[in-house]
Amino acid sequence: MFNTFTRRAAVSGLVAAGLAASFVAPAISEEKILLRLATAGSATDQRSVAMAEVFAPMVADFADYQPGYNATLFAQGTELEAISRGNLEMSIASAQEMAQFFPEFSIFATGYVHQNAEHQVKVFNDPLMDAFKKKAEDELGVKLLSVMYLGRRHVNLRQTKDELTVMTPDDLAGVNLRMPGTDAWQFLGKALGASPTPMAFTEVYTGLSTGAVDGQDNPLPTVVDAKFYEVTNQIILTSHLVDLNYIAFSKQVWDKLSADQQAKIQAAADAAAESGRQKQLEKEANLVAFLQEQGMEIYEPDLDAFRNHVQAQYVGSEFAASWPEGVLDRINELGK
Ligand code: KDO
């Protein structure tokens, strides 16, 4: 938890991103509203399952839900712009992707800030989020409906523990760690002590199997769902990011809905997020044994060393400079 420093101490300069959003009306059928959701996740990812099994039926009387898995509709990281331009209705978006447009969202993508799934929900529903949500709606045309739980991200390497034992960030020096391709993700990879390489999620299995990268970071359910355990040998339980995603919705489509339809969409998003969260938590708790059976070595490093090192990297960073006054303190308070 960021008890050790405040935003004021972290500020060194301010980088602001401007965005001129252009809106084009999406095609809405007379019968039902078309809701296409783009995600890099698979159909069996718990967030996808929750959207298909909980969200879709709850809006089925007026909406036709059409998910595009494995980045088949839009490449990872391009979905928000697609929504903004009126080319897509929904995505499962990360805070790191939001930070591409609004750097202050990096606070939700910073290592060791969120404590757990419950903390994420408290933060998302707190008034501290109002300004973030409003900016996303007004300047990007993206409405953040609900927060989804992805899980605790850990470092997952090809090397065996005998070849490389990782107890502190120093041990990751020179390790070519795949991280998703935005600045906030790359920064986190560096903050862990590794040499981060950007790579789309759909390329990671091949990247690991060919040795193009030494490792990747993701929560245990993702390691299992994407079968990364087939092409890696160890998981270091760094828990460096309690990772979240937002259910992102086109503001332009939202504004065309009736109040009743809007209420149904919101309720369906919240119910899907809650269902996915519970399933993901359950998986996280049970997967260590499965992964060990697959031959993975799993162990805890010196967590204080990782936490202190990661937090220290954000001090004076341009990310920290973009965090609004008081928000980090409020997040910390909500995590107590
Ligand atoms: C990933 O690319 O490692 C990541 O876990 C980042 C998340 O924000 C999310 O986009 C996720 O991939 C995809 O949904 C695939 O699980």
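Computed from a prediction, not measured in an experiment: that's the story for all the values here.

Asker: Just checking my understanding: could you explain the environment of alanine 99 for this structure?
Answerer: Tracing the backbone through its elements, the reader meets alanine 99 in helix α4 (residues 95-101). You can call alanine 99 buried: its relative accessible area is 9%. On a C-alpha basis, the gap between alanine 99 and glutamate 325 in space is 17 Å, while along the polypeptide they are 226 residues apart. Not counting chain neighbours up to four residues away, the residues in contact with alanine 99 comprise Phe105 and Ser106.

Asker: In this structure, what is going on with the pattern of salt bridges? I would like to understand it.
Answerer: Working definition: two side chains of opposite charge can pair if their charged atoms are close together. Throughout the structure, instances matching the rule amount to 17 salt bridges. Across the pair glutamate 53 and lysine 279 runs a salt bridge, and its minimum N-O distance is 4.0 Å. Taken together, the positions of glutamate 53 in helix α2 (residues 46-59) and lysine 279 in helix α11 (residues 259-293) put the pair 226 residues apart, joining distant regions of the chain. Overall, lysine 279 belongs to the partly exposed group, its relative accessible area being 32%. Glutamate 118 is the partner of lysine 122 in a salt bridge, and the nearest nitrogen-oxygen pair spans 4.0 Å. Placement of the pair is lysine 122 and glutamate 118 together in helix α5 (residues 117-125), with a separation of four residues, close to one helical turn.

Asker: How should the domain arrangement of the protein chain be read in this particular structure?
Answerer: By a frequent convention, interface size equals the accessible area lost on bringing the separate parts together. Along its sequence, the protein chain is organised into domain 1 (7-150 + 243-282) and domain 2 (153-241 + 285-334). Each of domain 1 and domain 2 was reduced to a C-alpha centroid, and the two centroids are 23 Å apart. Each side of the interface is counted separately: domain 1 has 40 residues, and domain 2 has 44 residues. Approximately 3,700 Å² of surface area, both sides summed, lies buried where domain 1 meets domain 2, with 59% of it carried by carbon and sulfur atoms. Counting across the interface, domain 1 meets domain 2 through two salt bridges. In this structure, aspartate 243 and arginine 153 form a salt bridge, with 2.6 Å as the shortest nitrogen-oxygen distance. At the boundary of domain 1 and domain 2, one finds 15 residue pairs in polar contact (both at pLDDT 80 or more). Top contributing element to the side of domain 1 that touches domain 2 by residue count: helix α1 (residues 7-10), with four residues. Class assignment for the residues of the side of domain 1 that touches domain 2 results in 18 nonpolar, 14 polar and eight charged.

Asker: Quick question: what am I supposed to make of the confidence of the model for the protein chain here?
Answerer: In low-pLDDT regions, the fine details of the predicted coordinates are not to be read closely. Looking at the protein chain as a whole, the pLDDT averages 92, with 91% of positions reaching at least 70. Counting contacts from residues 1-29, a segment whose pLDDT is below 50, to residues more than four positions away or on other chains yields 74 contacts.

Asker: Even after reading the chapter, I still don't get the packing of aromatic side chains, so can you show me in this structure?
Answerer: Given two aromatic rings, their pairing is described by the distance between the two centres and the angle made by the two planes. A full pass over the atoms with the stated rule returns 14 aromatic pairs. Ring geometry for phenylalanine 102 against phenylalanine 105: centres 6.3 Å apart, planes inclined by 45 degrees, an arrangement best described as tilted. Taking relative accessible area as the criterion, phenylalanine 105 reaches 0% and is therefore assigned buried. The interplanar angle of 35 degrees and the centroid separation of 5.8 Å between the aromatic rings of phenylalanine 124 and tyrosine 246 together place this pair among those described as tilted. Here phenylalanine 124, found in helix α5, pairs with tyrosine 246, found in strand β8 (residues 234-250); they are 122 residues apart in sequence, far enough to count as distant. Assessed through its relative accessible area of 5%, phenylalanine 124 is described here as buried. For tyrosine 246, a relative accessible area of 1% gives the class buried. Within the aromatic cluster, the residues linked to one another by ring pairs are Phe101, Phe102, Phe105, Phe108, Phe124, Phe132 and Tyr246. For lysine 133, the ring lying beneath its charged end belongs to phenylalanine 124, and the centroid distance is 4.0 Å.

What counts, and at which threshold
Residue indices follow the written sequence of each chain, beginning from 1 at its first position. Two thresholds apply to this predicted model, a pLDDT of at least 70 for residue-level local features and 80 or more for giving and counting side-chain atom pairs, whereas whole-chain, interface and lining totals are computed over all residues. Values reported for side chains reflect all heavy atoms of the structure, with hydrogen atoms and water molecules removed beforehand. Each helix is a run of DSSP H or I of at least 4 residues and each strand a run of E of at least 2, with the numbering of both proceeding from the N terminus. Partly exposed describes any residue whose relative accessible area lies between the buried limit of under 20% and the exposed limit of over 50%, with all areas from a 1.4 Å probe on protein chains only and scaled to the type maximum. The contact definition used throughout considers only heavy atoms, calling two residues in contact when any of these lie within 4.5 Å. Each reported salt bridge corresponds to a side-chain nitrogen of Lys or Arg within 4 Å of a carboxyl oxygen of Asp or Glu. Each domain's extent was defined by an automatic or database domain assignment. Here the quantity called buried area is the total loss of accessible area, with a 1.4 Å probe, experienced by two parts when brought into contact, counted for both. The definition of a polar contact used here is a pair of N or O atoms within 3.5 Å, where within protein one atom must be able to donate a hydrogen and the other to accept one, and adjacent residues in sequence count solely through side-chain atom pairs. Polar here means any residue outside two lists: the nonpolar Ala, Val, Leu, Ile, Met, Phe, Trp, Tyr, Cys and Pro, and the charged Asp, Glu, Lys and Arg; Gly therefore counts as polar. Each residue carries a pLDDT value, the predictor's own confidence for that position, ranging from 0 to 100. Pairing of aromatic rings covers Phe, Tyr and the six-membered ring of Trp, with a centre-to-centre limit of 6.5 Å; geometry is then stacked below 30 degrees between planes, edge-to-face above 60, and tilted otherwise. Here, a charge over a ring is recorded when the distance from Lys NZ or Arg CZ to the ring centre is within 6 Å and its angle to the ring normal is within 35 degrees.

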